[in-house]
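Given next are the chains, with one letter for each unit.
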Amino acid sequence: MQPGSKILIKNKRATFDYELTEFFTAGIVLTGTEIKSIRLGKVSLTDSYCLMSNGELWAKGIQISEYFFGTYNNHVPRRDRKLLLNRKELKKLNRLTMETGFTIVPTKMYINEKGLVKIEIAVAKGKKSYDKRKSIKERDDKREMDRFFKK
């Protein structure tokens, strides 16, 4: 993430459900009032994923709420959005996701210092239930340690 950005939307569920391996930063194609809703922070990345189609990367399931003052010009909240990466990165993502069990999930969305919306995606492998229990235990232990050392 860039240091000058103010708006940051995280997909907290992705770090819990998946083991994230490799990260990429991509642009996203937006229409109409979507940028105004993003600036207001009205975005949800939970239950979203990316897939390759005809050599292009598409984000599915990203919820960008309708802009309140949008009237009849408003956008569709859960439409498929094209992600912008260079050809080399697309080939690498395609190669990585061909392996069994790997998928692409959005982890963060932010506005950079130029005012462009960027989305951070990660190649991920699904966790088993015992891995999730382990991450919950580690998180609780870290909280306890922080509580203990702050006194």
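This section reports on the structure supplied with the text. (Residues numbered from 1 in each chain as written. Predicted model: local features only at pLDDT ≥ 70, side-chain atom pairs only at ≥ 80, totals over all residues. Heavy atoms only, no water.)

1. Focus: unusual backbone geometry
Applied cut-off: A helix here means a DSSP run of H or I that spans at least four residues, while a strand means a run of E at least two residues long, and both kinds are numbered starting from the N terminus.
Phi at N54 is positive, roughly 55 degrees, even though this residue is not glycine. Examined against the element boundaries, N54 turns out to sit in the loop between strand 4 (49-53) and strand 5 (56-60). In the Ramachandran plot, T71 falls in the positive-phi region, its phi being about 50 degrees despite a non-glycine side chain.

2. Focus: the environment of V43
The condition is simple: Think of it in three bands: residues with accessible area under 20% of the maximum for their type are buried, residues over 50% are exposed, and the middle band is partly exposed, with areas taken using a 1.4 Å probe on protein chains only. Only heavy atoms enter the contact rule, under which two residues are in contact if any of them lie within 4.5 Å.
Along the chain, V43 turns up in strand 3 (residues 43-44). Here V43 falls in the buried class, since its relative accessible area comes to 12%. For the pair V43 and I64, spaced 21 residues apart in sequence, the C-alpha to C-alpha distance is 4.6 Å. If sequence neighbours within four positions are ignored, V43 has contacts with I9, I38, I62, Q63, I64 and M109.

3. A closer look at the pairing of strand 8 (residues 102-111)
Basically, it comes down to this: Note on pairing: DSSP must find at least two bridges between two strands before they are called paired.
Of all 10 residues making up strand 8, 7 are buried, and the element is well covered by its neighbours. Two elements, strand 1 (residues 8-10) and strand 8, share 3 bridges in a ladder whose sense is antiparallel. Within strand 8, the residue paired with K10 across the bridge is K108. One ladder, built from 9 bridges, connects strand 8 with strand 9 (residues 117-126); its direction is antiparallel. Bridge pairing in strand 9 places Y110 opposite K118. In sequence, strand 8 turns back onto strand 9 through a hairpin of 5 residues, with G115 there showing a positive phi of about 90 degrees.

4. Here's the deal with the packing of aromatic side chains
Using the following cut-off: Within 6.5 Å between ring centres, the rings of Phe, Tyr and Trp (the latter by its six-membered ring) count as paired, and their orientation is classed by plane angle as stacked under 30 degrees, edge-to-face over 60, tilted in between.
This model, assessed by the stated rule, comprises 3 aromatic pairs. The interplanar angle of 65 degrees and the centroid separation of 5.9 Å between the aromatic rings of Y67 and F69 together place this pair among those described as edge-to-face. An angle of 75 degrees between the planes, with centres 5.3 Å apart, marks the rings of F148 and F149 as edge-to-face. Looking at F148, the relative accessible area reads 59%, which means it is exposed.

5. Thoughts on the side chain of H75
Operational definition: Polar contact is defined as a pair of N or O atoms within 3.5 Å, subject to the rule that within protein one atom must be able to donate a hydrogen and the other to accept it, and that residues adjacent in sequence are counted only when both atoms are side-chain atoms.
Tracing the backbone through its elements, the reader meets H75 in the loop between strand 6 (63-64) and strand 7 (81-84). For H75, a relative accessible area of 6% translates into the label buried. There is a polar contact of 2.8 Å between the side chain of H75 and the side chain of T33. A polar atom in the side chain of H75 sits 3.2 Å from the backbone oxygen of S65. Aside from chain neighbours lying at most four places away, what touches H75 is T31, T33, E34, S37, I64, S65, E66, Y67 and R81.

6. Observations regarding the side chain of T33
By the element assignment, T33 lies in the loop between strand 2 (18-28) and helix 2 (34-39). Among the polar contacts made by the side chain of T33, one reaches the side chain of N74 at a distance of 3.0 Å.

7. What to know about the pattern of salt bridges
A side chain of one charge can pair with a side chain of the opposite charge if their charged atoms are brought near each other. The condition that has to hold: The working definition used for a salt bridge is a side-chain nitrogen of Lys or Arg within 4 Å of a carboxyl oxygen of Asp or Glu.
Considering all chains together, one arrives at 11 salt bridges under this definition. Across the salt bridge formed by R81 and E34, the nearest N and O atoms sit 2.9 Å from each other. With R81 in strand 7 and E34 in helix 2, this pair connects stretches of sequence that are 47 residues apart. Each member of the pair, R81 as well as E34, is classed as buried. Two residues, K142 and D146, come together in a salt bridge whose shortest N-O distance is 3.4 Å. Of this pair, K142 and D146 both sit in helix 4 (residues 129-150), 4 residues apart, roughly one helical turn. Here K142 falls in the exposed class, since its relative accessible area comes to 55%. Overall, the relative accessible area of 36% leaves D146 in the partly exposed class.

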